[in-house]
Amino acid sequence: MNKRSFLKYLAALGLGSPLLSGKAEAFTWNNLDWNSEDIWAQIRAGYKLKPDYINLENGYYCFLPEEILEKYLKHVREVNYQGSYYMRTVKMEDKAKSAAKVAELVGADPEEVVLTRNTTESLDLIIQGFPWKAGDEAIYSNQDYGSMQTMFELTSKRQGIKTVRIDIPLHPESDEEIVEVYRKAITPRTRLMIVPHIVNITGHILPVRKIADMAHSYGVEVMLDGAHAVGHFTFDMHELDCDYYGSSLHKWLSVPLGCGMLYVKKEKIGKLEPMIAPFNLELKTLEYLNNTGTHPAATDLAVLDAVDFQEKIGSKRKEDRLRFIQRYWSDQVRDVPGIQVNTPIDPVRSCAIANVGIEKISPAEMAKTLMDKYQIFTVAIDGAGVRGCRISPNIYTSTEELDRFVEALKEMAS
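Since the model is a prediction, treat every value here as computed from it, not as a measurement.

A.B. asks: Even after reading the chapter, I still don't get the overall build of the chain, so can you show me in this structure?
C.D. replies: Looking only at helices and strands, the chain has 16 helices and 13 strands in total. Overall, the chain is about 65 × 60 × 35 Å in size when its C-alpha atoms are taken along their principal axes. Scored against the burial criterion, the 414 residues of the chain give a buried share of 56%. Pairs at least 24 residues apart make up 71% of the contacts formed inside the chain by residues separated by at least 6 positions. Carbon and sulfur atoms form 52% of the exposed surface of the chain, whose accessible area is close to 18300 Å².

Structural data, given as structure tokens:
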């Protein structure tokens, strides 16, 4: 369905054109039947989708719906039109507004959030800027993102710290089982632990508040890797009670590529040192850590549009839909011989992302077969105790596409 047909379709349903115009009244959206596949088909029509394959790899980068893309291109043109005048006058003010909007979305205070380029940069700023002393210890898991693991190892070489690895249970029976794994790794020298809010390779959402409470009782600070969390499922930063948090906004929030966020609890800001020197060494704000030099300002402006898009749908509605479409396919194959779902069965422990493997096929071969034979694009995961493909649909994904995926898995397993 093209844009013109989509507008006519919405008008015929008495909805006007809320998704593309951005002018819908709140009650119009609230009165919709969000359990109807028709509503999600309308939202799907707001994306320009490549017909060559079914894209089930939105975890790396969630491309933009046409509404956000058009506004982003408008920002590119406006910044180009104003040139240095814009960069020297209102750029920083606009960037601060975008950061404040993200802070509001995640339940943080504006002074606790800055925009970065991605999660890796955000968390590297913490790991490298932390006041380490030789002999200090840091905890990370084998299931953490690879770049975070290597940053801790690099810091070990530079600062003389000791790194301690743990394994996160793949199918835990309780929150306490996970908390205990982290607790047992703590020693009197432990200063910082990184914990994935959601494990990137399996979609496992961890009980991070319980982990934080336990760690703080030992005097250990907690840094959360929320690369896949913002725009994916709802949470309140202050309720998590972590000390540091990083996320990539170009994933589930659908901001253009190259935008992330960093959260630092107010009282922790002053203890960190920057990786790149700021213009003013006397700065007392989080900007002290965040000198990224000249960078694409249009991306920062598009953050506001992406948050508006998210809020029009509703963060909780989006979360519910993402969890539904993951369970739609994964519940159909959990008991199929030869298929292994590597994501916990408890619904609260996952949302859109899950991981599935075929016992007789390597993850690489599985991903290749899905693409070559069935025209389904995924990503292979083979390591840290996980063998399979990560499956990350998005709100535009249809149940018909997932039916095709399920049939492909069953054929491959047999």
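The discussion continues.
A.B. asks: Any chance you could explain the pairing of strand S5 (residues 190-196) here in plain terms?
C.D. replies: The two faces of the sheet receive side chains in turn, since in a regular strand these alternate between them. In terms of burial, S5 is largely enclosed, as six of its seven residues are buried. Taken together, the three bridges between strand S3 (residues 137-141) and S5 define a ladder with parallel strand orientation. Of the residues in S5, the one forming a bridge with Glu-137 is Thr-190. Two elements, S5 and strand S6 (residues 221-225), share five bridges in a ladder whose sense is parallel.

A.B. asks: Before we go on, may I ask you to explain the sheet that holds strand S12 (residues 379-383) in this structure?
C.D. replies: Remark on secondary structure: sheet strands pair via backbone hydrogen bonds, oriented parallel or antiparallel. The four strands are arranged S9-S10-S13-S12 in an open sheet whose pairing can be described as antiparallel. With partners counted over all chains shown, the strands left at the sheet margins are strand S9 (339-341) and S12, one partner each. Across the sheet, the axes of successive neighbouring strands diverge by a mean angle of 35 degrees, strand direction being ignored. Of the pairings in the sheet, the one linking strand S10 (residues 354-358) to strand S13 (residues 386-391) comprises three bridges and is antiparallel in character. Paired with Ala-354 across the strands is Ile-391, a residue of S13. Along the sheet, helix H15 (residues 363-374) makes contact with S10, S12 and S13, crossing S13 at roughly 30 degrees.

A.B. asks: Would you mind showing me how to read the packing of aromatic side chains here?
C.D. replies: In this description, an aromatic ring pair is defined by two values, namely the gap between the centres and the angle between the planes. Evaluation of the coordinates by the stated rule reveals eleven aromatic pairs. Ring geometry for Phe-130 against Trp-132: centres 4.6 Å apart, planes inclined by 50 degrees, an arrangement best described as tilted. Each member of the pair, Phe-130 as well as Trp-132, is classed as buried. Ring geometry for Phe-233 and Phe-235: centres 6.2 Å apart, planes at 55 degrees, overall tilted.

A.B. asks: I'm lost on the packing of helix H7 (residues 91-106) against helix H13 (residues 297-313) in this one. Help?
C.D. replies: For any two helices packed against each other, the geometry is given by the interaxial angle and the distance between the axes. Relative to each other, H7 and H13 sit at 30 degrees, their axes nearing to 9 Å. Accordingly, the angle class assigned to the pair H7 and H13 is roughly parallel. Helix-helix and strand crossings are classified by hand; for H7 and H13 the assignment is left-handed. Residues Lys-91, Asp-94, Lys-95, Lys-97, Ser-98, Lys-101, Val-102 and Leu-105 of H7 lie in contact with H13, whose contacting residues are Ala-297, Asp-300, Leu-301, Val-303, Leu-304, Val-307, Asp-308, Gln-310 and Glu-311. Of the residues belonging to the contact of H7 with H13, the class tally is seven nonpolar, two polar and eight charged.

A.B. asks: Would you take a moment to explain the UniProt feature "domain: Aminotransferase class V" (unreviewed entry) in the chain for this structure?
C.D. replies: Following the UniProt record, one finds the feature "domain: Aminotransferase class V" (unreviewed entry) at residues 68-405. Between the C-alpha atoms that bound residues 68-405 the distance is 28 Å, and the span itself is 42% helix and 17% strand.

A.B. asks: Where do I start with helix H8 (residues 119-129) in this structure?
C.D. replies: Residues lying three or four places apart along an α-helix face the same way, a consequence of the helix completing one turn every 3.6 residues. The element H8 is extensively covered by neighbouring structure, given that nine of its eleven residues are classed as buried. Buried residues of H8: Thr-119, Glu-121, Ser-122, Leu-123, Asp-124, Leu-125, Ile-126, Ile-127 and Gly-129, and no others. Packed against the buried residues of H8 are strand S2 (113-116), helix H9 (146-159), S5, S6, strand S7 (244-248) and strand S8 (260-264). Of the residues flanking the start of H8, the one acting as N-cap is Asn-118, its side-chain oxygen 3.3 Å from the backbone nitrogen of Thr-120.

Thresholds applied
- Residues numbered from 1 in each chain as written.
- Predicted model: local features only at pLDDT ≥ 70, side-chain atom pairs only at ≥ 80, totals over all residues.
- Heavy atoms only, no water.
- Helix = DSSP H or I, 4+ residues; strand = E, 2+ residues; numbered from the N terminus.
- Buried < 20%, exposed > 50% of the residue type's maximum accessible area, 1.4 Å probe, protein only.
- Contact = heavy atoms within 4.5 Å.
- Areas by Shrake-Rupley, 256 points an atom, 1.4 Å probe, with all protein chains shown as cover.
- Pairing = 2+ DSSP bridges.
- Axes fitted to C-alpha atoms, helices over the stretch in contact; angles between N-to-C directions.
- Phe/Tyr/Trp six-rings, centres within 6.5 Å; stacked < 30°, edge-to-face > 60°.
- Parallel < 35°, antiparallel > 145°, perpendicular 65-115°, else oblique.
- Left-handed = near helix turned anticlockwise from the far one by under 90°.
- Nonpolar A, V, L, I, M, F, W, Y, C, P; charged D, E, K, R; others polar.
- UniProt positions renumbered as here; feature names shortened; annotations may be inferred.
- Polar contact = N/O pair within 3.5 Å; in protein donor to acceptor, adjacent residues only side chain to side chain.

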